[in-house]
Amino acid sequence: INKDQKIPADARAKALKAQAVAKTAPWPAELKPKADALAAIFGEMAAALEGDIPDLAKAGAAAKKAHDAEHEFADAAWAWIFEQAGIEGPGHGH
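Residues numbered from 1 in each chain as written. Predicted model: local features only at pLDDT ≥ 70, side-chain atom pairs only at ≥ 80, totals over all residues. Heavy atoms only, no water.

Engineer: So, helix α3 (residues 56–85): which residues are in play, and what are the values?
Structural biologist: An ideal rise of 1.5 Å per residue puts 44 Å on 30 residues; α3 measures up with 42 Å between its terminal C-alpha atoms. Inspection of α3 places Ala59, Gly60, Ala62, Ala63, Ala66, Ala69, His71, Phe73, Ala74, Ala76 and Ala77 among the buried residues, and these make up the whole buried set. Where α3 is buried, its residues contact α2 (32–48). For α3, the side-chain oxygen to backbone nitrogen distance between the N-cap and Ala57 is 3.0 Å, and the N-cap itself is Asp55. (Helix = DSSP H or I, 4+ residues; strand = E, 2+ residues; numbered from the N terminus. Expected span 1.5 Å × (residues − 1). Buried < 20%, exposed > 50% of the residue type's maximum accessible area, 1.4 Å probe, protein only. Contact = heavy atoms within 4.5 Å. Polar contact = N/O pair within 3.5 Å; in protein donor to acceptor, adjacent residues only side chain to side chain.)

Structural data, given as structure tokens:
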């Protein structure tokens, strides 16, 4: 959205699918609050993409927030996985 300055036709559906996964996956207790927060952010993104002609600036801001939150959650999830495996993880990655 921000790179191309265009909202893909399936952007809202993808945000809703991501929200559903974040809300329903069986996250461990340590990750559940972060998953719930991520789900809420994907919900905000879906809301920003509602309607026939969503506001590009609002959609772009919501997409950036979702992108950043997803990376933060993924970092936490991988840290948890590495900890469970007894492996020292590689640290943050994009």
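Engineer: Can you break down the pattern of salt bridges residue by residue, with the values?
Structural biologist: Evaluated as defined, the whole model comprises four salt bridges. We note a salt bridge from Lys14 to Asp10, for which the minimum N-O separation is 3.3 Å. Taking the relative accessible area as the measure of exposure, Lys14 reaches 53% and is therefore exposed. In this structure, Asp36 engages Lys32 in a salt bridge whose closest nitrogen and oxygen atoms are separated by 2.8 Å. One end of the pair, Asp36, and the other, Lys32, are both in helix α2, four residues apart, so they sit about a helical turn from each other. (Salt bridge = Lys/Arg side-chain N within 4 Å of Asp/Glu carboxyl O.)

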